[in-house]
Amino acid sequence: MTNIDVHQHLWSSSFVAALRARDRPPFLDGWTLYVEGEPPYEVSPADHDVARRTELAAADGLGLALVSLSAPLGVEWLPAEEARPLLDAYHEDAAGLPEPFGAWAAACVRDIDADATAAVLDRGFAGLQLPANALADAAGYARCAPLLDLVEARGLPLFVHPGPASGESSAPGWWPALVPYVQQMHAAWFAFRAFGRPRHPRLRVCFALLAGLAPLHGERIAARGGGRDEVDPGVFVETSSYGPRAVEAIVRALGAEAVVQGTDRPYAEPPQLPGFGLGAGAEHAFRVANPWRLLTGKE
């Protein structure tokens, strides 16, 4: 067992080239990123330097750092003929990253191809990431069912990450991360409860950014007739961009066994308190025992 970070992003050369080959969002012009629904973003090349990131992972004491496709780019929502070059480039780069990196596979959700995803998973990816706005309602679960059936049958986990932000031209730069991303995660959390878990009883799933703090609404769902908020042992939330107050509240709602370490590097830094001030037992649970159980299904 080892110290695990389940949520990082790292673009290497093939994926950068594929983004630069495009002339409409998502695309890169030099190092300026253009995506639908967000202002242009200046990417730091150093953030995606593999040697530098390997050194940072070592400094963080990581035995495994899982990178994922940046779902807010919207690659998964492109038509298959547009998505495929970007997905192929991402998977080729991710499969070749040095230790301690591993990766989540990605898949087109506009044109579902479970066979293509199976071939990617055959290369040793840790599981499958899907955008939260693809799993926000019953229709999303019906559309993505072939992909979810695939990872469930293989005993692999699902990682739910915010997808593309809705446009808000007058909003400040922080708006996408604080409003549509959080809203997507909130909806995805309750959609899994209502539509995902009944159809996929053995699927292990991790929600990014503490599921948008949706688990804190357990009292409200009970009051509104949604049933008791029982803790699902196959559901996890990761900690990226949050600190001790939010993590402690989530632990009160779900228990320490549901929380896993995720940093969202390079877009956020690891917490200064690895266990969020909750003690050595919580630190071990968040960084070692719980991520191991998420990834393997084993204690």
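Our structure is the block above this text.
Residues numbered from 1 in each chain as written. Predicted model: local features only at pLDDT ≥ 70, side-chain atom pairs only at ≥ 80, totals over all residues. Heavy atoms only, no water.

A. Summary view of the overall build of the chain. Tallying secondary structure elements over the chain gives ten helices and eleven strands in all. Here the C-alpha radius of gyration of the chain, 18 Å, is about what a compact globule of 299 residues would show, namely 19 Å. With the principal axes as the frame, the chain shows a C-alpha extent of 50 × 45 × 45 Å. Burial statistics for the chain: of 299 residues in total, 52% are counted as buried. Long-range pairs, those at least 24 residues apart, make up 74% of the contacts in the chain with a sequence separation of at least 6. Looking at the chain as shown, the accessible area adds up to about 12,900 Å², and 53% of this sits on carbon and sulfur atoms. In the chain, 24 side chains carry a positive charge and 36 a negative one; their mean positions are 6 Å apart. (Helix = DSSP H or I, 4+ residues; strand = E, 2+ residues; numbered from the N terminus. Rg over C-alpha atoms; globule rule 2.2 N^0.38 Å. Buried < 20%, exposed > 50% of the residue type's maximum accessible area, 1.4 Å probe, protein only. Contact = heavy atoms within 4.5 Å. Areas by Shrake-Rupley, 256 points an atom, 1.4 Å probe, with all protein chains shown as cover. Lys, Arg positive; Asp, Glu negative; His and termini not counted. Charge placed at Lys NZ, Arg CZ, Asp CG, Glu CD.)

B. Summary view of the sheet that holds strand S6 (residues 101-103). Here we have three strands laid out as an open sheet, ordered S1-S5-S6, and parallel in their pairing. This sheet does not close on itself; its edge strands, each paired only once, are strand S1 (4-8) and S6. Going from strand to strand, the sheet's axes swing by 30° on average, the running direction of each strand aside. Where S1 and strand S5 (residues 64-67) come together, three bridges link them in parallel fashion. Residue pairing for S5: Gln8 is matched across the bridge by Val67. (Pairing = 2+ DSSP bridges. Axes fitted to C-alpha atoms, helices over the stretch in contact; angles between N-to-C directions.)

C. Highlighting the pattern of salt bridges. The final tally for this structure, using the stated rule, is 13 salt bridges. With a shortest N-O distance of 2.5 Å, Arg24 and Glu82 are connected by a salt bridge. On the criterion of sequence distance, the pair formed by Arg24 in the loop between helix H1 (13-20) and strand S2 (27-29) and Glu82 in helix H3 (residues 80-95) is long-range, its members being 58 residues apart. You can call Arg24 partly exposed: its relative accessible area is 47%. Notably, a salt bridge pairs Asp149 with Arg199, separated by 2.7 Å at the nearest N-O pair. Of this pair, Asp149 sits in helix H5 (residues 138-154) while Arg199 sits in helix H7 (residues 180-199), and the two are 50 residues apart along the sequence. Using a relative accessible area of 30% as the deciding quantity, one classes Asp149 as partly exposed. Here Arg199 falls in the partly exposed class, since its relative accessible area comes to 44%. (Salt bridge = Lys/Arg side-chain N within 4 Å of Asp/Glu carboxyl O.)

D. Spotlight on the sheet that holds strand S9 (residues 205-207). Reading across from one edge, S7-S8-S9-S10-S11 is the order of the five strands in this open sheet, with parallel pairing throughout. The outermost strands of the open sheet, each flanked by one partner alone, are strand S7 (128-131) and strand S11 (259-260). Sheet topology places S7 next to strand S8 (residues 158-161); four bridges connect them, and they run parallel. Note that in S8 the partner of Leu130 across the bridge is Val160. Where H5 meets the sheet, its contacts fall on S7 and S8, and the angle it forms with S7 comes to roughly 155°.

E. Expanded view of H1. Within H1, the full set of buried residues consists of Phe15, Val16, Ala18 and Leu19. Buried residues of H1, seen end-on, are gathered within an arc of 160° and therefore sit on one face of the element. Its buried side turned inward, H1 meets S2 and H3. (Arc of directions from axis to C-beta.)

F. Layout of helix H2 (residues 50-59). One side-chain oxygen at the N-terminal end of H2 lies 3.3 Å from the backbone nitrogen of Ala51; it belongs to Asp49. Among the residues trailing H2, Gly61 stands out with phi positive, at a value near 75°. (Polar contact = N/O pair within 3.5 Å; in protein donor to acceptor, adjacent residues only side chain to side chain.)

G. Layout of the pairing of S5. Both S5 and S6 contribute to a ladder of three bridges, which runs parallel. Paired with Leu66 across the strands is Gly102, a residue of S6.

H. How the structure looks around the packing of aromatic side chains. Counting across every chain of the model gives ten aromatic pairs. Ring geometry for Trp174 against Trp175: centres 6.1 Å apart, planes inclined by 40°, an arrangement best described as tilted. Every member of this aromatic cluster is reached through a ring pair, and the members are Tyr141, Trp189, Phe192 and Phe207. The aromatic ring of Trp31 is capped on one face by Arg20, whose charged end is 4.7 Å from the ring centroid. (Phe/Tyr/Trp six-rings, centres within 6.5 Å; stacked < 30°, edge-to-face > 60°. Lys NZ or Arg CZ within 6 Å of the ring centre and 35° of its normal.)

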